[in-house]
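What the coordinates show
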Amino acid sequence: MAKRLQRRKRRLRDGTMEIRDAHFPGRAPLEAYGNGGFRFAGMSHRGSLLCVPSGIYGWDVSDASAFTPEAFQKVLEEQADIEVLLVGTGKELRPLPAELKTLFREAGILSDPMSTGAALRTFNVLLSEDRAVAAALIAVD
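Residues numbered from 1 in each chain as written. Predicted model: local features only at pLDDT ≥ 70, side-chain atom pairs only at ≥ 80, totals over all residues. Heavy atoms only, no water.

Going by the annotation in an unreviewed UniProt entry, the name recorded for the chain is NADH dehydrogenase [ubiquinone] 1 alpha subcomplex assembly factor 3, with Roseibium algicola given as the source organism.

The next point concerns the pattern of salt bridges. Opposite charge on two side chains lets them pair, provided their charged atoms get close. If you walk through the whole model with that rule in mind, you get two salt bridges. Linking R131 and E129 is a salt bridge whose minimum nitrogen-to-oxygen distance equals 3.8 Å. Classification of E129 as partly exposed rests on a relative accessible area of 46%. (Salt bridge = Lys/Arg side-chain N within 4 Å of Asp/Glu carboxyl O. Buried < 20%, exposed > 50% of the residue type's maximum accessible area, 1.4 Å probe, protein only.)

Attention now moves to the packing of aromatic side chains. Scanning all chains against the criterion turns up five aromatic pairs. Between the aromatic rings of F67 and F72, the centroid separation amounts to 5.4 Å while the plane-to-plane angle is 70°, which identifies the pairing as edge-to-face. What links up through ring pairs into an aromatic cluster is the set W59, F67, F72 and F104. (Phe/Tyr/Trp six-rings, centres within 6.5 Å; stacked < 30°, edge-to-face > 60°.)

Trans peptide bonds make up most of the peptide bonds, and negative phi angles are found at most residues other than glycine. The backbone phi angle of N35 is positive, close to 50°, even though this residue is not glycine. Counting through the fold element by element, N35 comes out in the loop between strand 4 (30-34) and strand 5 (37-40). On the basis of relative accessibility, which here comes to 65%, the residue N35 falls in the exposed class. Phi angles above zero are rare outside glycine, and A41 is one such case at about 50°. (Helix = DSSP H or I, 4+ residues; strand = E, 2+ residues; numbered from the N terminus.)

Looking now at the pairing of strand 9 (residues 84-88). Along strand 9, five of the five residues are buried, which leaves the element largely enclosed by surrounding structure. Inspection of the sheet shows strand 9 paired to strand 10 (residues 110-114) by five bridges, in the parallel sense. For G88, the partnering residue across the bridge sits in strand 10 and is M114. Of the crossover connections in this fold, the one passing from strand 9 over helix 2 (residues 98-106) to the parallel strand 10 is right-handed. Sheet analysis places strand 9 next to strand 11 (residues 133-137), joined by five bridges and oriented parallel. When the bridges of strand 11 are listed, V84 appears paired with V133. (Pairing = 2+ DSSP bridges. Right-handed = clockwise from strand over helix to strand, strands pointing away.)

Structure, rendered in structure tokens:
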């Protein structure tokens, strides 16, 4: 099952290979974090995660210094279905760049940076309340 969320190759009928980005097509509470990854829906994923209404995606961000509008493109694409974005910045709280805060505010999204552990716990609570929540979580060791 963990293979579902890793980059995988699938042989097509014509013999070519297709590489897919890591993606879990649904919303699920996050069961655990640490050791460089996360557990959810009976699976594990190594690396950071982006949890948006369309599903849970592997996220190629490992440090808050990589917070750019491009890193949050998926969030902006789904802005109509997101009220709150929790940003797990790693072991310690790191502020969001002013440019991103403005971008999220203009998109109608309340952004809240916090440590990854706090963001994960808050995400689970808001998800259980059926709130329009998304999370961008940097993996921690």
